[in-house]
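# Close look at the chain arrangement
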Amino acid sequence: MANIEHDKNGFTCECGLRNEYPGYVQAHWSVRLSYSCACQRQYILYRGTVVKTSRESSEISDSEAFGD
């Protein structure tokens, strides 16, 4: 799996699209958040890490930040 480029403001998906974090992410740094890129790839954001997932995870706590 390729490294996902990320910083404190967002990350770049494997498809090349830059995804900026909404303010909600910084305010909920210790909550596992799900994110779906426009290309439909799924990610988990947690404490500054970005991990690609191949399916929905039951341990995700919140995904409101991304308008799901």
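To be clear, the structure that these remarks concern was listed above.
These lines cover the structure that appears in this document, whether it is placed above or below. Note that this is a predicted model, so its numbers are computed, not measured. (Residues numbered from 1 in each chain as written. Predicted model: local features only at pLDDT ≥ 70, side-chain atom pairs only at ≥ 80, totals over all residues. Heavy atoms only, no water.)

Within this structure, the stated rule accounts for 0 disulfides. Here Cys15 is not disulfide-linked; the sulfur of Cys13 is the nearest cysteine sulfur, at 3.7 Å. The class for Cys15 is partly exposed, based on a relative accessible area of 38%. (Disulfide = S-S within 2.5 Å. Buried < 20%, exposed > 50% of the residue type's maximum accessible area, 1.4 Å probe, protein only.)

Judged from the 4 bridges that link them, strand β4 (residues 33-36) and strand β5 (residues 42-46) form a sheet pairing that is antiparallel. Looking at β5, one finds that Leu33 is bridged to Leu45. (Pairing = 2+ DSSP bridges. Helix = DSSP H or I, 4+ residues; strand = E, 2+ residues; numbered from the N terminus.)

In a beta sheet, neighbouring strands are held together by backbone hydrogen bonds and run either parallel or antiparallel to one another. Strand order in the open sheet formed by 3 strands is β1-β2-β3, and the pairing between neighbours is antiparallel. Two strands lie at the open edges of the sheet, namely β1 (6-7) and β3 (18-20), each paired on one side alone. Of the pairings in the sheet, the one linking β1 to strand β2 (residues 10-12) comprises 2 bridges and is antiparallel in character. When the sheet's bridge partners are listed, Asp7 is paired in β2 with Gly10.

Counting 11 residues, the largest nonpolar core consists of Ile4, Phe11, Cys13, Tyr21, Val25, Leu33, Tyr35, Cys37, Tyr43, Leu45 and Val50. Looking at this core, the elements with two or more residues in it are β4 and β5. (Core = buried A, V, L, I, M, F, W, Y, C linked by side-chain atoms within 4.5 Å.)

That's the geometry; what it means functionally is another story.
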